[in-house]
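Each chain, written out:
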Amino acid sequence: MISIALRNLLGEKTRFAISVGGVAFSVMLILIILSLYQGWKIKSSEYISHVDTDLWVTQSGSADISNSASYLPESVGKKIQVIDGVAEVNKFIGRPVNFKIKNQDTGTYIVGFDTDQPVSGPQHLVSGTAKPGDGEIVIDKVLAQKRKLELGDYIDVFGEKLKVVGIAKGANMFLFQFSFVKAEEAERILHTQGITNYYLVKVKNGELSSVRNEIKKIAGVDALTSSEFVEKNRRVIDEVFLPIITVLVLISVLVGIAVIGLTIYTATVEKSREFGVIKALGGSNGQLYRIIFEQSLLSGLIGFLVGTAATYLLLWIIPYYVPVFVTYTRGVDLLLVFGLAIFMSLVASYIPVRRIASIDPALVFKS
Amino acid sequence: MKELEKKVVLKIEGLTKVYGVGDIEVRAVDNIDLEASSGEIILIMGPSGSGKTTLVTMAGALLKPTGGKIFIDGEEIVGASEKQRINLRRHKIGFVFQAFNLLSNLTAFENVLVPLGLAGVPRAIGSKKAQGLLNYFDLSQRADFIPEKLSGGEKQRVSIARALANDPKLILADEPTANLDSRRGKDVMRLLRSVAKNMGKTVVIVSHDQRLIDIADKVLWMEDGRIKNSETLATDPNCGNQVEMKEHSHKIDYRGKRYYFCSEGCKREFAEKNSIPKSYF
């Protein structure tokens, strides 16, 4: 049978464009939100997941590095060093700080690291050096772009002038970026002499479990494997953003349903007589419903394709202008959005289908 | 002219349609009997509101009557299920409308294809059939045009082609010439006559157009839901027009058969062609 649905859609190009545009907009919104969510999730732990350690030793109750504090006395480090199976212990000094750069409030997470054993230092250097000296700092590329900083510029951190000597990638946590200074510099700036935030412990082969259990015996101390610590940091994103994202996705789905529903419904009302003619010619309700579903599904599918293409274009362009716009689009999210587009189309058909069912074919005899 | 075997295609018995009850009761169609055979053209005339369209809507299985029976090709349709009525409309009834009612976004060819598709005819077979019908109605050059680009006469020809797509026994035409000028109206009349006489279809026409009397075999006059007058017409054997069978009509009785003519000229021409001696008229 001829696709009356396709002809109806193409016969009313403006309406078709509105319908497709509505779905595309909705698809774009959902995909961008999901991509941002995934991007944030990955970014939130990108730096941490690259820190070369087997165990993160934290103060008990401290879950992630951005929302809870962990302060450990040096005595804890000494106790860890004597545990059988421990290969290496490194200090991780750092905390989020806020100060002004070029008169703008700026948040960064200052990490102090041992430049001779840079397990927690910058991971992907873009320019300059990865080993800052006294009075020097390595910043993330996103922070550099945001505040238009270059190598050789100075940053005033709590009265200390630090020279930018390196720009690195992979230290953007979307809410803030990591900046790196020498461990001694960090202790001085952050006033953490005698205190370490985390201990990074490397263990000998096959000793992970026993070392971990021994560390946990130290009062007020917890030990997490690298992957557990990464997961805990990701969970923060889930807890904070997942409800918001769910609401936004729902709103987008409703917008999509409303747009397809309205356009298909008005088209159905306008074409009531023609649907009556089809009924008079022997068209069953089922055959007419198929036309509506086809119209709706075609709008949904084309809207999905247009929306996906527009999303990829935007995700490619926006980061040039908004550096913190970090996204990652997963295949499974594309599938989910495709399913949502189909769902929107089917739901949007409901009212037009009811309308069609009530059309009296005898109206064809009315001139 | 081919002689076709006559068979009753449409039979209506005591058909009644009542709207409203009590004081506001309206008998749109009141106890009507009617019979139409293959190859026959029935013209139903009457003032607006006389019940013509209601009658044809019921005959088209689009409206359920309050009482009476309708048989199409021997099948009783009043008590039929919705599915059976849909099937009947697909296979046994073709509709021709005053407003053409072509699907605006489809081409002429696709419009003819629609009933074939609805009836589940495979695309290849349907396409052949549709193309054949468009050729028959001299529309092959206009096959790819959407209705907006067709003239009124062309639209009505497409509409007739569509009505014939599934080879129905009965064609119901509602004011088929009303939206057409004189020349195009005559074209459509000629085609409807051809549909009845050459294809053997039963054609029931509802119209105000007096010109249609020229092609009708029977004219019914409806008023207040009833048939007030019924007149069977004869075909002028010379020009093919329908003529009243009255005593004062132009006629010839020859070898046991009576011929009626629309004019004295037709009568003379027919007599000359058939070498009928003057003594017979």
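Since we're looking at a predicted model, the values are computed, not measured.

Trainee: Any chance you could explain the overall build of chain A here in plain terms?
Mentor: Summing up its helical and strand segments, chain A has 11 helices and 12 strands in all. Taken over C-alpha atoms, the radius of gyration comes to 29 Å for chain A, far larger than the 21 Å a tight globule of 367 residues would show. Taking all 367 residues of chain A together, the buried fraction comes to 43%. Long-range contacts, defined here as pairs at least 24 residues apart, represent 84% of the contacts in chain A between residues at least 6 apart.

Trainee: Looking at this structure, how should I read the sheet that holds strand β2 (residues 26-37) of chain B?
Mentor: Residues and elements named next belong to chain B. Pairing within the open sheet is antiparallel, and its 4 strands lie in the order β2-β1-β4-β5. The strands lining the two open edges of the sheet, one partner per strand, are β2 and β5 (75-76). Across the sheet, helix α1 (residues 52-59) touches β1 (8-19), β2 and β4 (67-72), and the angle it forms with β1 is around 125°.

Trainee: Sorry, what's going on with the nonpolar core here?
Mentor: As a rule of thumb, soluble globular proteins bury nonpolar side chains together. Among the nonpolar cores identified, the biggest contains 127 residues, and I44, V112, A161, L192, V204 and I205 of chain B are the most heavily contacted of them. Top element by residues in this core is helix α2 (residues 13-50) of chain A. It accounts for 15 residues. With near-sequence residues (within four places) excluded, I44 of chain B lies in contact with K52, L55, V204, I205, V206, L220 and M222 of chain B. Counting residues in hydrophobic clusters, the runner-up holds 50 residues, among them V51, W56, I110 and V157 of chain A.

Trainee: Can you walk me through unusual backbone geometry in this structure?
Mentor: Most peptide bonds take the trans configuration, and most residues that are not glycine carry a negative phi. Residues and elements named next belong to chain A. For N103, which is not glycine, the phi torsion reads 65° and is therefore positive. Considering the arrangement of structural elements, one finds N103 in the loop between β3 (86-101) and β4 (104-113). In this structure N103 comes out as exposed when scored by C-beta crowding, with 6 C-beta atoms within 10 Å.

Trainee: I tried to follow the pairing of strand β3 (residues 41-45) of chain B on my own but got confused; where do I start?
Mentor: Successive residues of a regular strand alternate their side chains across the two faces of the sheet. All names here are of chain B. Counting buried residues along β3, 5 of its 5 residues qualify, which places the element largely inside the surrounding structure. Relative to strand β9 (residues 218-223), β3 runs parallel, the two being bridged by 4 bridges. Looking across to β9, one finds that I42 is bridged to K218.

Trainee: What am I meant to see in the interface of chain B and chain A here?
Mentor: It is common to report an interface's size as the accessible area lost on association of the parts. Across the contact, 24 residues belong to chain B and 20 residues belong to chain A. Secondary-structure elements contributing two or more residues to the side of chain B that touches chain A are α1, α2 (82-91) and α3 (108-118) of chain B. Looking at the side of chain B that touches chain A element by element, the count peaks at 6 residues for α3 of chain B. Across the side of chain B that touches chain A, the residue classes break down as 13 nonpolar, 7 polar and 4 charged.

Trainee: Help me understand helix α10 (residues 331-348) of chain A in this model?
Mentor: Given 3.6 residues per helical turn, the α-helix brings residues three or four places apart onto the same face. Residues and elements named next belong to chain A. Along its 18 residues, α10 runs 25 Å from first to last C-alpha, staying within 8% of the 26 Å computed at 1.5 Å per residue. For α10, every residue scored as buried is listed here: V337, L340, A341, M344, S345 and A348. For α10, the buried positions fall inside an angular range of 140° around the axis, keeping them on one side. In α10, the exposed positions that point more than 90 degrees away from the buried face belong to G331, V332, L335 and G339. As for α10, its buried residues are in contact with α2, α7 (226-270) and α9 (285-321).

Trainee: Which parts of the structure should I look at to understand the sheet that holds strand β11 (residues 242-244) of chain B?
Mentor: Strands in a sheet are paired, the pairing made by backbone hydrogen bonds, and the direction either parallel or antiparallel. Residues and elements named next belong to chain B. Ordered in space as β6-β7-β8-β3-β9-β10-β11, the 7 strands form an open sheet in which the pairing is mixed. Edge positions in the sheet fall to β6 (93-96) and β11, since each has one partner strand and no second. The sheet shows a mean angle of 25° between the axes of neighbouring strands, direction not considered. Direction of pairing for strand β10 (residues 226-235) relative to β11: antiparallel, over a ladder of 3 bridges. Directly across from L233, in β11, lies its bridge partner E244. Along the sheet face, helix α5 (residues 152-164) touches β6 and β7 (170-174) and points at about 170° away from the line of β6.

Trainee: Any chance you could explain the packing of α2 of chain A against α10 of chain A here in plain terms?
Mentor: Residues and elements named next belong to chain A. α10 packs onto α2 with a crossing angle of 150° between their chain directions and a minimal axis gap of 10 Å. With respect to each other, α2 and α10 are oriented roughly antiparallel. In this structure, α2 crosses over α10, and the sense of that crossing is right-handed. Contacts from V23, S26, V27, I30, L31, L34, S35 and Q38 in α2 reach D333, V337, L340, A341 and M344 in α10. When its residues are assigned to classes, the contact of α2 with α10 shows 9 nonpolar, 3 polar and 1 charged.

Calculation notes
- Residues numbered from 1 in each chain as written.
- Chains lettered and ligands numbered in written order.
- Predicted model: local features only at pLDDT ≥ 70, side-chain atom pairs only at ≥ 80, totals over all residues.
- Helix = DSSP H or I, 4+ residues; strand = E, 2+ residues; numbered from the N terminus.
- Rg over C-alpha atoms; globule rule 2.2 N^0.38 Å.
- Buried ≥ 20, exposed ≤ 12 C-beta atoms within 10 Å, placed from the backbone.
- Contact = placed C-beta atoms within 7 Å.
- Pairing = 2+ DSSP bridges.
- Axes fitted to C-alpha atoms, helices over the stretch in contact; angles between N-to-C directions.
- Core = buried A, V, L, I, M, F, W, Y, C linked by C-beta atoms within 7 Å.
- Nonpolar A, V, L, I, M, F, W, Y, C, P; charged D, E, K, R; others polar.
- Expected span 1.5 Å × (residues − 1).
- Arc of directions from axis to C-beta.
- Parallel < 35°, antiparallel > 145°, perpendicular 65-115°, else oblique.
- Left-handed = near helix turned anticlockwise from the far one by under 90°.

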